[in-house]
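# Observations on the three-dimensional arrangement
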Amino acid sequence: MTNPLFSVRDVAKYYGGRIGCADVSFDLYPGEVMGIVGESGSGKSTLLNCLAGHLTPDAGQILFDTRTGGVRDTREMSEPERRMLSRTDWAFVHQHARDGLRMSVSAGGNVGERLMAVGARRYDTIRAQAIDWLGRVEIDESRIDDRPTAFSGGMQQRLQIARNLVTGPRLVFMDEPTGGLDVSVQARLLDLLRSLVREMGLSAIIVTHDLAVVRLLADRLMVMKSGYVVEAGLTDQVLDDPQHAYTQLLVSSVLQV
Amino acid sequence: MYVAVKGGERAIDNAHEWLAEERRGDTDIAELSIAQIREQLALAVNRVMAEGSLYDPDLAALAIKQSRGDLIEAIFLIRAYRTTLPRIGHSKPIETSDMACDRRISATFKDLPGGQILGPTFDYTHRLLDFKLAAEGKAPVAQTRETDVDRMPRVTDFLNQDGLIQTETPTDTSPPDLTRQPMQFPAGRPLRLQNLTRGDEGFVLSIAYSTQRGYARNHPFVGELRIGRVVVEMDIPALGFAVDIGEITVTECETVNQFTGSKTEPAQFTRGYGLVFGQTERKAISMALVDRALRWEELGEDNMGAPAQDEEFVLAHSDNIQATGFLEHIKLPHYVDFQSELELVRKLRRETADATKEAAE
Amino acid sequence: MSDYNFAYLDEQTKRMIRRAILKGVAIPGYQVPFASREMPMPYGWGTGGVQVSAACLTPEDTFKVIDQGADDTTNAVSIRKFFEFTAGVAVTEHTGEATVIQTRHRIPEEPLREDQILVYQVPIPEPLRFLEPRETETRKMHALEEYGLMHVKLYEDISRHGNIATSYAYPVKVEGRYVMDPSPIPKFDNPKLEMAAIQLFGAGREQRIYAIPPYTQVISLDFEDYPFDPSKADHPCDLCGAEHTYLDEVIIDDAGGRMFVCSDTDYCAGRQADGHRGRLSPIQEAAE
């Protein structure tokens, strides 16, 4: 039996007297994709930001199986260690591509930045890897020197994904990766994400309000409401046979659409 | 045949002589005295003292004369002079509620203890050129009356008594000193106020104005504006008590701004504060608005991304001596950097030309 | 002499500046904040360098000031006169005779010695400033050694121009740790940053002091396949014939005629005194 890559124990975050999220625990195994669903205000984005180190949780442990140091609680890491982690083994895909891209830097520079941040110092190699990655996210090589401002919303999102995956991270956090895109563009992006996740054996945590996204991408699912996890299990199981009344409501509201 | 340019030294000396001659102007016209500038261009003197952060009307008047009326240049002279002065000690905080007011107005209350005093203001003058001033006239004399109030309590103190305005808690900690420590961010309010009080009047005015036009609007009322003389006291350790070391004129503005509050915390007005050397009310009001805008975080407001909310932006660009120096330094020779740029552009052009040629062949 | 304290600043202030200098020397390339004073020359005209010089000078020193390599450019003259007046120190135009040299935009051609101090005037000390305008952010980037963005800039240069398009104020990494702005010296001068003399950098308006101790490793940032290239105009000096010096380009007639002369005027004059001649040298050969 392999060890979990990422273990979360009793994580909680409060905003004054209000609960952001509480009592969240789960294990994520290598190559596994976990979906977190819930309506807005359910605490799913707060949880994701706590897990990725953007917010400091008020309680709990967030354990990651690092390449060199074994299992570490990321909350106890120093700032440089955490930053190093977030530009090597971790990746974060923002809902809005502009939050995750440098809009005034060319597509190639955007993809190359993480490589240079970890010490790549051959221009030709960096450029070759950028071209390779643009291809993998279906952006034509001829656009490598264009800035993301000249890209469509879908292309920007694919560029953000390339920028994140170029260093071969082991864990990817995604915050509504298809939100704000047209339906046809969403479908193409989902296809792409699914094949990349499988190809690279990525572990991922995806926050979304869209059950279609989790059905396509996630092996397992957590349903959140008012800051708590109300139901968790295999994706198909939860969606086909929801136990909690709230999950039933979520599933039926999707079916009606 | 080229000979490297020499003679920078002589050119400088000659330029200085010419400047001195121009400064004096037509010698058939009587020369300005320092006293004339001090008495008759008093608001210019006040601005130079405020932004030069040195309270000395005679030196400020001298600086204005020396700078031919260029006030930023005059401020610069005062700042450079200030550097050479030893720091003997610190005064006690001035007490503006004991101010002998020449002017005291409130926009929030029609009347108040101590009354409204318009004082020597331009406010209700019609801005018509007064050609009588072009001719020499008799000295005008204004009416006077003995004051019947000896103390003018602050408007914000009335509001504070009822809990209607947020309380500023006094502390005994010494504030950092902008002139003795490097500015570091985040600066905190004491440093912000020090920076603003000697910041460029035009800059602070424009930033304040931008808040009124909606870039981080904070709904200010002038709770109170007062101008007058206050006593400066200093503790003399050898004596064991404080002594008066003089009197200065200052302008103080306290604004009453939009309220904060929630279901658990009752609504309260908030404050902005401006205090500037001399009669400088445009600056003091501006300062209060900018101070208030910069307090967004402490008061739990949203960052609208407005320039007036950006502490680093405002404080790093408010000082006209820093600004003018850096701006004008581009007059200095830059031919070494320009030469490297020239070489680079030539090289890039050459490579592009070669590439085009190859492509054509 | 004058009524001012030796070298203008009071001893208290000089002590404060010396503390900043010592800290800078102890942490090569690190920008030390210091409480810069208003000087009698404008910010941006060398006030940082002037304060550092004031804190270093002793009555026995011999002082030299250069601007763009030359001793008699107006601002160099002005600063030299300031210290002649306020400190009464001996001044020189000869690099070899000076114990303290204040410079703007150049490093002298003649190699400096261990008993010399080179003081730079710095306009913008932060090498990351034009990539990230916020001081709070850049300080964090230095603290965490996050310099990826710096290479992104170089990458963008190459992808757009085919070359690293930075020709002066070319960023360096000091002793394998801090990325530093060497002040707007031409990149031609970058290799000289590894030298025997102590180098002090003063930025008055931005309130920062930093330093490179003698014999410290200073590496210009680059890519392995686009290595740093300290090139200069491909001409010899038209006055002294030197092939290895940084040159100024001078336009000599309306028809676009131009000549190239050493930017380091003292070095050029020295070579000419030693009998070296360039293409357009006005000095008649004694032998002819």
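Along each chain, residues carry numbers from 1 onward, in the same order as the chain's sequence is written. Written order determines the labels here, with chains lettered from A and ligands numbered from 1. Local features in a predicted model are, by the rule used here, given only for residues with pLDDT of at least 70; side-chain atom pairs are given and counted only at 80 or more, and totals for whole chains, interfaces and linings are based on all residues. Side-chain metrics rest on all non-hydrogen atoms present in the structure, leaving aside hydrogens and water.

## Comments concerning the sheet that holds strand β5 (residues 70–73) of chain A
All names here are of chain A. Strands are labelled as partners when DSSP assigns at least two bridges between them. A helix here means a DSSP run of H or I that spans at least four residues, while a strand means a run of E at least two residues long, and both kinds are numbered starting from the N terminus. The four strands are arranged β2-β1-β4-β5 in an open sheet whose pairing can be described as antiparallel. Looking at which strands have only one partner, the edges of the open sheet turn out to be β2 (18–28) and β5. The mean angle between the axes of side-by-side strands here comes to 20 degrees, regardless of whether they run parallel or antiparallel. Relative to strand β4 (residues 59–66), strand β1 (residues 6–15) runs antiparallel, the two sharing five bridges. For Ser7, the partnering residue across the bridge sits in β4 and is Leu63. Residues are treated as being in contact if the distance between any of their heavy atoms lies within 4.5 Å. Lines fitted to the C-alpha atoms define the axes, with helices restricted to the stretch that makes contact. Angles between their N-to-C directions range from 0 to 180 degrees. Most of the contacts of helix α1 (residues 44–51) go to β1, to which it runs at about 120 degrees, and overall it touches β1, β2 and β4.

## Here we look at the pairing of strand β2 (residues 62–67) of chain C
All names here are of chain C. Exposed residues in this analysis have more than 50% of their type's maximum accessible area, buried residues have under 20%, and partly exposed residues fall in between, with area computed by a 1.4 Å probe over protein chains only. Extensive coverage of β2 is indicated by the burial of six of its six residues. Bridge count for β2 against strand β3 (residues 90–91) is two bridges, and the pairing is parallel. For Thr62, the partnering residue across the bridge sits in β3 and is Ala90. In this fold, β2 hands off to helix α3 (residues 74–87), which returns the chain to β3; that crossover is right-handed. Pairing between β2 and strand β4 (residues 100–104): five bridges, direction parallel. Assignment of crossover handedness uses the view with strands pointing away from the viewer, where a clockwise path from the first strand over the helix to the second indicates a right-handed crossover.

## Some points on the interface of chain C and chain A
In this assembly, 17 residues from chain C lie in contact with 22 residues from chain A. Here chain C packs against chain A, burying approximately 1,800 Å² in sum over the two surfaces, 57% of which is carbon and sulfur. Of all residues in chain C, C:Leu144, C:Tyr155 and C:Asp225 give up the largest surface area on contact with chain A, accounting jointly for 31% of the area buried on that side. Salt bridges are defined by distance alone: a side-chain nitrogen of Lys or Arg within 4 Å of a carboxyl oxygen of Asp or Glu. For the pair chain C and chain A, the interface holds three salt bridges. Where C:Glu146 meets A:Arg83, a salt bridge forms, and the shortest distance between an N and an O atom there is 2.7 Å. Accessible surface is computed with a 1.4 Å probe, and the buried area is the amount of it that two parts give up when combined, taken over both parts together.

## As for the sheet that holds strand β8 (residues 198–203) of chain C
Residue and element names in this part refer to chain C. Strand order in this open sheet of seven strands is β1-β9-β8-β5-β4-β2-β3, and the pairing throughout is mixed. The open sheet has two edge strands with one neighbour each: β1 (32–33) and β3. Sheet strands in contact with α3 are β2, β3, β4 and β5 (117–121), and its direction is about 160 degrees off that of β2.

## A word on the interface of chain B and chain C
Tallying the contact residues gives 48 residues for chain B and 66 residues for chain C. When the two sides are added together, the surface that chain B and chain C hide from each other amounts to roughly 4,800 Å², 57% of it contributed by carbon and sulfur. Here C:Arg134 ties to B:Asp310 by a salt bridge, and the two come within 2.8 Å at their closest N and O atoms. Two N or O atoms form a polar contact when they lie within 3.5 Å of each other; inside protein one atom must be a possible hydrogen donor and the other a possible acceptor, and for residues adjacent in sequence the pair counts only when both atoms belong to side chains. The interface formed by chain B and chain C holds 25 residue pairs in polar contact (both at pLDDT 80 or more) in total. Where the side of chain B that touches chain C is concerned, the elements lending two or more residues are α1 (8–24), α5 (71–83), α11 (320–328) and α12 (335–360) of chain B. All amino acids are sorted into three groups, where Ala, Val, Leu, Ile, Met, Phe, Trp, Tyr, Cys and Pro are nonpolar, Asp, Glu, Lys and Arg are charged, and the leftover types, Gly among them, are polar. Considering only residue class, the side of chain B that touches chain C consists of 19 nonpolar, 13 polar and 16 charged.

## Quick look at the domain arrangement of chain B
Parsing chain B into structural domains produces domain 1 (9–82), domain 2 (96–119 + 131–169 + 179–318) and domain 3 (329–360). Placing a centre on the C-alpha atoms of domain 2 of chain B and another on those of domain 3 of chain B gives a separation of 53 Å. Domain ranges listed in this record stem from an automatic or a database domain assignment.

## Let's talk about the domain arrangement of chain A
You'll often see interface size given as the accessible area lost when the parts meet. All names here are of chain A. Per the domain assignment, the segments of chain A are domain 1 (1–89 + 171–257) and domain 2 (100–168). A C-alpha centroid distance of 25 Å is found between domain 1 and domain 2. Contacts between domain 1 and domain 2 engage 16 residues on the former and 15 residues on the latter. Where domain 1 abuts domain 2, roughly 1,400 Å² becomes buried across the two surfaces, and 64% of that area is made up of carbon and sulfur atoms. Area buried by domain 1 at its contact with domain 2 is led by Arg87, Arg188 and Leu192, which between them contribute 35% of it. Along the contact surface separating domain 1 from domain 2 lie two salt bridges. When the shortest N-O distance is used, the salt bridge between Arg188 and Glu138 registers 3.0 Å. On inspection of domain 1 and its partner domain 2, the count reaches six residue pairs in polar contact (both at pLDDT 80 or more). For the side of domain 1 that touches domain 2, the secondary-structure elements that each account for two or more residues are α2 (79–87) and α7 (183–200). With eight residues, the single largest contributor to the side of domain 1 that touches domain 2 is α7.

## Here's the deal with the nonpolar core
Nonpolar cores were defined as sets of buried Ala, Val, Leu, Ile, Met, Phe, Trp, Tyr and Cys residues, with membership established by side-chain atoms within 4.5 Å. Among the nonpolar cores identified, the biggest contains 66 residues, and A:Val111, A:Trp133, A:Val137, A:Leu159, A:Ile161, A:Val172 and C:Phe223 are the most heavily contacted of them. Inspection of this core shows a minimum of three residues originating in each of domain 1 (1–89 + 171–257) and domain 2 (100–168) of chain A. Those residues in contact with C:Phe223, other than ones at most four positions away along the chain, are A:Met116, A:Arg121, A:Arg122, A:Tyr123, A:Ile126, C:His151, C:Leu154, C:Tyr155 and C:Ile158. Formed by 34 residues, the second largest nonpolar core is a distinct cluster that contains C:Leu9, C:Ala35, C:Val52 and C:Ala54.

## Examining the pattern of salt bridges
One pass over the structure, following the stated rule, counts 69 salt bridges over all chains. A:Arg9 serves as the salt-bridge partner of A:Asp27, at 2.9 Å between the closest nitrogen and oxygen. With A:Asp27 in strand β2 and A:Arg9 in strand β1, this pair connects stretches of sequence that are 18 residues apart. Using a relative accessible area of 29% as the deciding quantity, one classes A:Arg9 as partly exposed. With a closest N to O distance of 3.3 Å, C:Glu109 and C:Lys192 form a salt bridge. Residue C:Glu109 is found in the loop between β4 and β5, and its partner C:Lys192 is found in the loop between β7 (178–180) and β8; the two are separated by 83 residues along the sequence. Both residues of the pair, C:Glu109 and C:Lys192, count as buried. Each of the salt bridges in this network shares a partner with another, and the network as a whole consists of B:Glu95, B:Arg154, B:Asp157, B:Glu252, B:Glu254 and B:Arg271.

## Let's talk about the pairing of strand β2 (residues 221–236) of chain B
All names here are of chain B. The pairing of strand β1 (residues 100–105) with β2 spans five bridges and is classified as antiparallel. Within β2, the position partnered with Cys101 by the bridge is Gly228. Where β2 and strand β3 (residues 241–260) come together, 15 bridges link them in antiparallel fashion. Bridge assignment links Val231 to a residue of β3, and that residue is Glu247. Between β2 and β3, which pair antiparallel in sequence order, lie four residues; one of them, Gly240, sits at a positive phi of approximately 85 degrees.

## As for empty space enclosed by the protein
Residues and elements named next belong to chain C. Buriedness for pockets is judged along seven lines, at least five of which must meet protein on both sides within 12 Å for an open set on the 1 Å grid over protein atoms alone, while cavities are sets there where a 1.4 Å probe fits but cannot get out, and lining residues have an atom within 4 Å of a point. Grid points are joined across faces, edges and corners, and a volume is the space filled by probe spheres set on the points. Here the structure, examined in full by the defined rule, presents one cavity of 30 Å³ or more. Taken as a whole, the largest cavity encloses approximately 130 Å³ of empty space. Around the largest cavity sit 17 residues that line it, and Gly44, Gly46, Gln121, Val122 and Pro123 are the ones nearest its centre. When contributions to the lining of the largest cavity are tallied by element, the ones reaching two or more residues are α2 (47–56) and β8. Of the residues belonging to the lining of the largest cavity, the class tally is four nonpolar, 10 polar and three charged.

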